[in-house]
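Examining the three-dimensional arrangement
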Amino acid sequence: MIISRRTSTDLDGDRRLGLRLALASIAVALMMVPFTLLLVVAKMPLNDLDSGVARALHAYARANPDVTEVMILWTDVFGPWPWRVAVAVLAGWLVHRGAPRLALWAITTITVGGLLGLGLKILVDRSRPHLPDPVALAPGDAFPSGHALTVTLGAGVIVLALLPALPQWGRKLAWTVAGFLIVTVSFTRVALAVHWVSDVLGGIVLGAAVIIATTAAFETWRRDEGRRPAAPPRDGVEPESVQVTRD
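A brief look at the structure comes next. Predicted model, so just to flag it, every value in this text is computed and none were measured.

Moving on, we get to the side chain of Glu 238. The residue Glu 238 is located in the loop between α9 (232–235) and α10 (242–245) in this model. The residues contacting Glu 238, other than those within four sequence positions of it, are Ala 99, Leu 102, Pro 164, Phe 218, Arg 222 and Arg 227.

Here it is in structure tokens:
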């Protein structure tokens, strides 16, 4: 009877967590509507910054083929699918180590972010830069940048999941590396002339918004379950998972 009651409680907790994550995802989608409507009206580059930066970086990429090759390699290695696979592997490892709810948060965050990004691409229907003698090509619509979105989601999810297992200096280093990857991958998309500046900024903003929403939902659920309040950017999404990741 005791085991049965615990199992029932766990299932109820899982349902509440799933509901909170779903509501957080809906909230992010609704928050992006006004921003998206503005971009539907302006499918061309939003300002001189977009077109000016695109032309300048394209000229640099054409004049420096060796640098361009490095940027192509970098954008492929840290592209959307490697991040999706990395988060899926992380989730499987978390389940194996006894943190299934943290795994659920990780999968939900990167999946919801990806679906929202795809939906915005279809809705905005913005063309990519068309410059002479392109150094790289990319299919699909421009806004938001899938690379910028997914590197933000992937790096953020991995860092927030593993923070409890890191020492203080390791946490700072992890955030620094995540920020470096987000900036450099986003830069390559503009430098290779496959995205406008506002595309990568939109991807970063959307990715951060999804992470903030699902993390807030998880933290609210934790507090409702009577667990010690935490600051996710410092402690991670599930601080108690330190007992799981360090044994």
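Now that the structure has been shown, the text picks up again.
Moving on: the side chain of Glu 219. With respect to the secondary-structure elements, Glu 219 resides in helix α8 (residues 197–224). Those residues within four positions of Glu 219 in sequence are excluded, and the remaining contacts are Pro 229, Ala 230 and Val 237.

What follows is about the packing of helix α4 (residues 80–96) against helix α5 (residues 100–124). Where α4 meets α5, the axes come as close as 7 Å, and the angle between the chain directions of the two elements is 165°. One finds that α4 runs roughly antiparallel with respect to α5. Between α4 and α5 lies a crossing of left-handed hand. Residue-level inspection shows Trp 83, Arg 84, Val 87, Ala 88, Ala 91, Leu 94 and Val 95 of α4 in contact with α5, the latter providing Pro 100, Leu 102, Ala 103, Ala 106, Ile 107 and Ile 110. Within the contact of α4 with α5, the residues separate by chemical class into twelve nonpolar, no polar and one charged.

Each value, and the rule that gives it
In every chain, residue numbers begin from 1 and rise along the written sequence. The predicted origin of the model limits local features to residues at a pLDDT of at least 70 and limits the giving and counting of side-chain atom pairs to 80 or more, whereas totals for whole chains, interfaces and linings rest on all residues. Computation of side-chain values covers all heavy atoms of the structure but excludes hydrogens and water. Going along the chain from the N terminus, every DSSP run of H or I of four or more residues is numbered as a helix, and every run of E of two or more is numbered as a strand. Whether two residues are in contact is decided by their heavy atoms: any pair within 4.5 Å suffices. Each axis is a line fitted through C-alpha atoms, taken for helices only over the stretch in contact, and angles between the N-to-C directions span 0 to 180 degrees. For classification purposes, angles smaller than 35 degrees are called roughly parallel, those larger than 145 roughly antiparallel, those between 65 and 115 roughly perpendicular, and all remaining angles oblique. Rotating anticlockwise by less than a right angle from the far helix to the near helix defines a left-handed crossing, while the corresponding clockwise rotation defines a right-handed one. Here the term charged refers only to Asp, Glu, Lys and Arg, the term nonpolar to Ala, Val, Leu, Ile, Met, Phe, Trp, Tyr, Cys and Pro, and the term polar to all other amino acids, Gly among them.

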